[in-house]
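# Results of the structural survey
Listed below are the residues making up each chain.
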Amino acid sequence: MSATGIALGSGQRSATAVFNMLSHRWLPGRSRIVLMAYTFGIASVGIGIITLVSGGTLSQASWGSEVWILLGAIVLFPTFLAVVLYLRGVQHLGPSQASILSTFEPIFTIALAAPCWASGLHWCSGLGALLVVAGVIAAEREARPVDNLAAI
């Protein structure tokens, strides 16, 4: 586990929280496509800065056709389609509920990675998935009122 990975993961979750709140307030009467364009534009600048600071390059000169095809598939399906569906969820459920349900993302990632890449499920990943499910259940449970305070 690297400090860069932890920082990027924490930054992503923080940015998602801000995105949830702003999208819920900004969405009524506005196009989700416009919001996505702003979001991806701002995210691209941030990723570019992180890439340059960490010593990477932004040059695509060495990319072959296979890389461009895979990039197109990544942009279309797990990025564009996922964000459109997520914004629909924010619109119908509100930012809090949509955010809670979005925590299932790592579980779906684990479930898809195992058969697609024949990667085994490490016990840490399984424990993490169980903690995510427990967190969602805890967040979704209604507070139960105490019926009989006199008995306490």
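Predicted, not measured: the structure shown is a model, and the values here were computed from it. (Residues numbered from 1 in each chain as written. Predicted model: local features only at pLDDT ≥ 70, side-chain atom pairs only at ≥ 80, totals over all residues. Heavy atoms only, no water.)

### Description of helix α5 (residues 105-117)
Formally: Per the convention used, a helix needs a DSSP run of H or I reaching at least four residues, while a strand needs a run of E reaching at least two, with both numbered from the N terminus. Expected span of a helix: the number of residues minus one, times 1.5 Å.
The end-to-end C-alpha distance of α5, which contains 13 residues, comes to 18 Å, matching closely the 18 Å that a straight helix rising 1.5 Å per residue would cover. Ala118 sits one or two positions beyond α5 and adopts a positive phi of about 50°.

### Let's talk about the nonpolar core
Applicable threshold: Only buried Ala, Val, Leu, Ile, Met, Phe, Trp, Tyr and Cys residues count toward a nonpolar core, and they belong to the same one when joined by side-chain atoms within 4.5 Å. Relative accessibility thresholds used throughout: buried, under 20% of the residue-type maximum; exposed, over 50%; partly exposed, between the two (1.4 Å probe, protein chains only). Any two residues whose heavy atoms approach within 4.5 Å at even a single point are treated as in contact.
Grouped together as the largest cluster of nonpolar side chains are eight residues: Phe19, Leu35, Met36, Val83, Tyr86, Leu87, Val90 and Ala98. Those elements that provide at least two residues to this core are α2 (32-53) and α3 (65-93). Looking at this core, the element that brings in the most residues is α3, giving four residues. Excluding residues within four positions of it along the chain, Ala98 makes contact with Tyr86, Gly89, Val90 and Leu93.

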